[in-house]
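Working through the structure, step by step
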Amino acid sequence: MNANNGIINQPSPYSVTETIDRLEVILQAKGITIFARIDQRAEAKKVGLSLRPTQLLLFGNPEAETPLMVAEPTIALDLPPKVLAWEAADGKVWLSYNDPDYLKHRFSLSDELVKNIAIIAPLINQALQ
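Each chain has its residues counted from 1, running along the sequence as written. Reporting in this predicted model follows two pLDDT cut-offs: at least 70 for local features of residues, and 80 or more for side-chain atom pairs to be given and counted; totals over whole chains, interfaces and linings ignore these cut-offs and use all residues. To obtain the side-chain values, all non-hydrogen atoms of the structure were used and water was disregarded.

1. A closer look at the UniProt feature "domain: DUF302" (unreviewed entry) in the protein
Summarizing the sequence annotation, UniProt attributes the feature "domain: DUF302" (unreviewed entry) to residues 38–100 in the numbering used throughout. Put simply, DSSP H or I for four residues or longer makes a helix, DSSP E for two residues or longer makes a strand, and each gets a number counted from the N terminus. What you have in residues 38–100 is 29% helix and 33% strand, and the ends, taken at the C-alpha atoms, are 22 Å apart. UniProt positions are given in the numbering used here, feature names are shortened, and annotations may be inferred rather than shown by experiment.

Below, the structure is given as structure tokens:
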């Protein structure tokens, strides 16, 4: 499929926290539910380990995602959608998420169903501007 195993990685001009903050505001403005925000660096620190800034955001819209799970129940392994903001060793911040086309092929979804999750790309692009 692609060299990134179905993961899209986009550079962010913002810190990890600000990247996730910006995306969270956009998602909430669109009425998309934020299910969880996990600061993985903070969790690592709690057990005495170090990790560069890394945050995971789980969000979704059950109205859009349920039809995908009806068609292919195992897609629930990848839903709700999630994005990962992380800082690389060189200090550059990245935003990573599952490529909807990869999920389409992985779960043999129709083009019509993939549209329900493909909305993520323009929202991410908006957050990174």
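2. Description of the packing of aromatic side chains
The description of two aromatic rings rests on the distance between their centres and on the angle between their planes. Stacked, tilted and edge-to-face are the three classes assigned to paired rings of Phe, Tyr and Trp, where Trp is represented by its six-membered ring and a pair needs centres within 6.5 Å; plane angles under 30 degrees give stacked, over 60 edge-to-face, the rest tilted. Going through the model one piece at a time under the given rule, you end up with one aromatic pair. Their ring planes at 25° and their centres at 6.4 Å tell us that Trp86 and Trp94 sit as a pair that is stacked.

3. Thoughts on helix H1 (residues 16–29)
Residue pairs spaced three or four apart in an α-helix point in one direction, given the helix's 3.6 residues per turn. Here the expected length of a helix is defined as 1.5 Å per residue gap, with one fewer gap than residues. With 14 residues, H1 ought to run about 20 Å at 1.5 Å a step, and its terminal C-alpha atoms sit 20 Å apart, in line with that. Among the residues of H1, Val16, Thr19, Ile20, Leu23, Glu24, Ile26 and Leu27 are the ones counted as buried. Taken end-on, H1 shows its buried residues confined to a sector of 165°, consistent with a single buried face. Turned more than 90 degrees off the buried face of H1, the exposed positions are Val25 and Ala29. By the convention used here, residues are in contact when the closest approach between their heavy atoms is within 4.5 Å. As for H1, its buried residues are in contact with strand S1 (7–12), strand S2 (33–39), strand S3 (54–60), strand S4 (82–87), strand S5 (93–98) and helix H6 (120–127). In the stretch just after H1, Gly31 is the one whose phi turns positive, near 80°. Note on classification: 1.4 Å probe, protein chains only; a residue is buried when its accessible area is under 20% of the maximum for its type, exposed when over 50%, partly exposed between these limits. Starting at the helix axis, one direction is taken to each C-beta atom, and the arc is that of these directions.

4. Points about the sheet that holds S2
Any two strands with at least two DSSP bridges between them are considered paired. Taking strand neighbours across the sheet as the criterion, the five strands line up as S1-S5-S4-S3-S2 in an open arrangement whose pairing is antiparallel. The two strands at the open ends of the sheet, each matched to only one other strand, are S1 and S2. Strand-to-strand twist of the sheet, defined as the mean angle between neighbouring strand axes without regard to direction, takes the value 20°. Only C-alpha atoms enter the line fits that serve as axes; for helices the fit covers just the stretch in contact. Angles between N-to-C directions range over 0 to 180 degrees. Contacts from H1 reach S1, S2, S3, S4 and S5, with the element oriented near 10° to S3.

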